[in-house]
Number of protein chains: 2
Amino acid sequence: MKNTGDRRRTIYDVAKAAGVSISTASNALNGTGRTNAETRERVRRVAEEIGFRPNALARGLLSKRSHAIGMLTNDTYGRLTLPMAAGVSEVLVDHGVSVFLCATNNDPRLAQLHLEALLDRQVDGIIFTATRLDLAPPVQLSRLPIPVVYVFAEGPADSVTFFPDDEQGARLAVDHLKELGRSRILHITGPRDYLAARIRAQSYLDACGDGAEAMFGEWSEEWGHEAVQTVFARPGPKPDAIFCGSDEIARGVIDALRDLNVEIPTDVAVVGFDNWEVVARQTRPPLTTIDMELKELGHRAGLAILSLSKGEPVPAGITRLPCRLVVRQSCGSPLQSD
Amino acid sequence: MKNTGDRRRTIYDVAKAAGVSISTASNALNGTGRTNAETRERVRRVAEEIGFRPNALARGLLSKRSHAIGMLTNDTYGRLTLPMAAGVSEVLVDHGVSVFLCATNNDPRLAQLHLEALLDRQVDGIIFTATRLDLAPPVQLSRLPIPVVYVFAEGPADSVTFFPDDEQGARLAVDHLKELGRSRILHITGPRDYLAARIRAQSYLDACGDGAEAMFGEWSEEWGHEAVQTVFARPGPKPDAIFCGSDEIARGVIDALRDLNVEIPTDVAVVGFDNWEVVARQTRPPLTTIDMELKELGHRAGLAILSLSKGEPVPAGITRLPCRLVVRQSCGSPLQSD
DNA sequence: AATTTATGCTAAAAGCTTTTAGCAGAAAAA
DNA sequence: TTTTTCTGCTAAAAGCTTTTAGCATAAATT
């Protein structure tokens, strides 16, 4: 008597098969109202048998909660979005909440279209994410009737926002280098107009004090390569460690150092930022780097939007989640499996 | 009289404001039934004014079509999934269809959970995607009441499936090398138990004939590096071109060649596979490679599931979409901007 | 014995939309 | 004039669930 595939079973089918009314069936299944234990069991058994599953549309229509949220991203080739989206999805699926993924391509028309579709679908909330921390969303998200959470993206002043703690991450890198006895630490990072780059650089400067130098450039291997060549070509003392603003830069740095016959980590230790495994694992030697815990960011954002959608209070403002140091072999630490 | 944010406007509000019945309002808005042109315009204007947008839940409940689909993936760090998902989303948003993203992490329990949630939500179809072509889905997808499309993943024999055309892609690479006058072409690729690796290798062998050699190993830079060392250490003629099974391998190959002071492309030309920009653009010289057109795969899968969900016929079986040669500088072609 | 309380169930409404069937009135045909 | 056709609208049903209000019956209290 399993569902024979002709059409989905409804609670009406359950009620009929169990010989009770629809309301009793509903009460029995949800544990609401007053039901005899025996009836309750019977209804549940019957529901199980015929393969009844409540229609989420009907349920959402009534409760005005769709148990779905939208995730708006402007990143399409992103190593950032998918780990976060997976984190969101992972933490919400156990609460019966599904995630609409909307890739806006940074196109305002597309963003507007997606936003309207999400509202029409009565989503319980929206998570906005971007590839840059300081880029405004391509669409007006502030006066919405549903909660919005920003993750890896800047929202209005009083919004709920999650960022990786760039300052702490940078400190983690510098402290690690210092603990290993390095004293002349150089910082090579991305463009100065990226907030994240500025924060990391400032944290590095605060930690290293006099003689510290932050070189801003591009988020590319090429820039890392070029910066190293510049530094090693000019007169004066050479660094014994380089803290890079991204793993890609670190990769360029490592290549350039090898070209110069500088030993890693003996002569110069290198730390990256991102823990982008496919890069960090493949450098020679494998790269010690900072992980931004993207999945955890997704978890937190998911839980926040869940609370907000239930009307529970969530502290507004920016929450910065700690980064994690991933030790590989580019700093001369005791070799350890990763 | 714009929506003041207290609650969403319903068609009841439209009807009242326009002084007509609910059915007339619905007919006017959808162009169904018989309506006077003047009334129709008035209703539409009023709807616009008060910011009415139909509730997708109610609509879906009635029509039994939710205008949403699910995308099931077992890849979480994927450079593959997001471009495809973006392609799907992009092509469907204009048809009013939204996409649920479900990351299964290759965990059958999670996959089952997601699948049930999707069915409860009455999705119109499911797109399954994986990181490997020949991996079975972690959950039973065959006897579902809704259509399923497989993309970059293997489905049952009679299912609708989209793959990149690995054979054509490999041929593209080999032909390109031959046209440039290379004759001793070597193939370095991933593990033999990957279907894609076998297809590409076979295509390469067919095109190159006698003396061709396919070396199977890992999908890693390290393997590319190691393979080159092996080949150049042994006696006998050396290749004048290397076709790599992935951009990562190509990267390792290029590094190893540089270590051996072999000039690229003068002595050896290199072609990759993936057009994974962040790798292919950063090698020195930038890598000529094969693009699998992941976004286009997403487009096609999206259109296929759309047709299927409307009951329109879609040819079953495997459709292989052509790959594209991306010329950069690792083969000695005339330098061109990319 | 008469009244109150508790128990287990059900009918009906609500949530929002689309579709079906059908009702008046006007215009056209007989 | 009477009958038919057409036009423009509306009431009501359907889609599936949860919740509210309430109805019998049995048990407990006065």
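Given the structure is predicted, the values throughout are model-derived calculations rather than measurements.

About the cut-offs
- Residues numbered from 1 in each chain as written.
- Chains lettered and ligands numbered in written order.
- Predicted model: local features only at pLDDT ≥ 70, side-chain atom pairs only at ≥ 80, totals over all residues.
- Heavy atoms only, no water.
- Least-squares fit on C-alpha atoms with pLDDT ≥ 70 in both.
- Contact = heavy atoms within 4.5 Å.
- Axes fitted to C-alpha atoms, helices over the stretch in contact; angles between N-to-C directions.
- Helix = DSSP H or I, 4+ residues; strand = E, 2+ residues; numbered from the N terminus.
- Parallel < 35°, antiparallel > 145°, perpendicular 65-115°, else oblique.
- Left-handed = near helix turned anticlockwise from the far one by under 90°.
- Nonpolar A, V, L, I, M, F, W, Y, C, P; charged D, E, K, R; others polar.
- Buried area = accessible area lost by both parts, 1.4 Å probe.
- Salt bridge = Lys/Arg side-chain N within 4 Å of Asp/Glu carboxyl O.
- Near = heavy atom within 4 Å.
- Polar contact = N/O pair within 3.5 Å; in protein donor to acceptor, adjacent residues only side chain to side chain.
- Phe/Tyr/Trp six-rings, centres within 6.5 Å; stacked < 30°, edge-to-face > 60°.
- Buried < 20%, exposed > 50% of the residue type's maximum accessible area, 1.4 Å probe, protein only.
- Lys NZ or Arg CZ within 6 Å of the ring centre and 35° of its normal.
- Pairing = 2+ DSSP bridges.

### Brief notes about the relation of the copies chain B and chain A
Part 1: Once turned by 180 degrees and shifted 0.0 Å along the axis, chain B lies on chain A with an RMSD of 0.1 Å. Taken together, these values place the two copies in the relation of a two-fold axis. Considering only C-alpha atoms, the part of chain B nearest the rotation axis is B:Phe100, at 2.1 Å.
Part 2: Both copies present the same face, since 100% of the interface residues in chain B are matched by interface residues at the equivalent positions in chain A.

### What to know about the packing of helix 10 (residues 247-259) of chain A against helix 10 (residues 247-259) of chain B
Part 1: One can describe the packing of helix 10 of chain A onto helix 10 of chain B by two numbers: an axis separation of 12 Å at closest approach and a directional angle of 15 degrees. Our classification of the angle between helix 10 of chain A and helix 10 of chain B gives roughly parallel. When the axes of helix 10 of chain A and helix 10 of chain B are compared, the crossing they make is right-handed. Contacts from A:Arg251, A:Asp255, A:Arg258 and A:Asp259 in helix 10 of chain A reach B:Arg251, B:Asp255, B:Arg258 and B:Asp259 in helix 10 of chain B.
Part 2: Among the residues forming the contact of helix 10 of chain A with helix 10 of chain B, the class breakdown is no nonpolar, no polar and eight charged.

### Topic: the interface of chain B and chain A
Part 1: Between chain B and chain A, the residue contacts involve 57 residues of the former and 57 residues of the latter.
Part 2: By the criterion of area lost to chain A, the three top residues of chain B are B:Leu57, B:Leu82 and B:Arg121, representing 14% of everything that side buries.
Part 3: Counting across the chain B and chain A interface gives 14 salt bridges.

### Comments concerning the protein's contact with DNA strand D
Part 1: In the vicinity of DNA strand D there are 27 residues, among which A:Ile11, B:Ser21, B:Thr24, B:Arg34 and B:Thr39 approach most closely.
Part 2: Of all atoms in DNA strand D that approach within 4 Å of the protein, 51% are sugar or phosphate atoms.
Part 3: One of the side-chain N or O atoms of B:Thr24 is found 2.6 Å from a phosphate oxygen in DNA strand D.
Part 4: Contributing elements (two or more residues each) for the surface near DNA strand D: helix 2 (22-30) and helix 4 (56-63) of chain A together with helix 2 (22-30) and helix 4 (56-63) of chain B.
Part 5: When residues of the surface near DNA strand D are assigned to their parent elements, the largest contribution, five residues, is made by helix 2 of chain A.
Part 6: Tallied by class, the residues present in the surface near DNA strand D amount to ten nonpolar, twelve polar and five charged.

### Some details on the packing of aromatic side chains
Think of a pair of aromatic rings as described by two things: how far the centres are apart, and how the planes are tilted against each other in angle.
All names here are of chain A.
Part 1: Here the structure, examined in full by the defined rule, presents eight aromatic pairs over all chains.
Part 2: Taken together, a centroid distance of 6.1 Å and an interplanar angle of 65 degrees make the contact between phenylalanine 128 and tyrosine 150 edge-to-face. In this pair, phenylalanine 128 sits in strand 3 (residues 126-129) while tyrosine 150 sits in strand 4 (residues 148-151), placing the two residues 22 residues apart along the sequence. The pair formed by phenylalanine 128 and tyrosine 150 is uniform in burial state, with each residue classed as buried.
Part 3: A cation over a ring is seen here: arginine 200 above phenylalanine 273, with NZ or CZ 3.8 Å from the ring centre.

### What to know about the environment of A:Asp259
Part 1: Following the sequence through the fold, A:Asp259 ends up in helix 10.
Part 2: In sequence terms A:Asp259 and A:Gln229 are 30 residues apart; their C-alpha atoms lie 9.5 Å from each other.
Part 3: Residues contacting A:Asp259, with those up to four places away along its chain left out, are A:His225, B:Arg258 and B:Arg284.

### Focus: the sheet that holds strand 7 (residues 213-216) of chain B
Residue and element names in this part refer to chain B.
Part 1: Taken together, the four strands give an open sheet; going across it, the order is 7-6-8-9, and neighbouring strands pair in parallel fashion. Only two strands of the sheet have a single partner each, and these edge strands are strand 7 and strand 9 (269-271). The mean inter-strand angle of the sheet, taken between neighbouring strand axes irrespective of direction, is 20 degrees.
Part 2: Pairing between strand 6 (residues 185-189) and strand 8 (residues 241-244): four bridges, direction parallel. Residue isoleucine 185 lies in a different strand from strand 8, and its bridge partner there is alanine 241.
Part 3: Helix 9 (residues 221-233) contacts strand 6, strand 7 and strand 8 of the sheet and is inclined by roughly 145 degrees relative to strand 6.
Part 4: On top of the sheet, helix 10 reaches strand 6, strand 8 and strand 9; it is set at about 150 degrees to strand 8, its chief contact.

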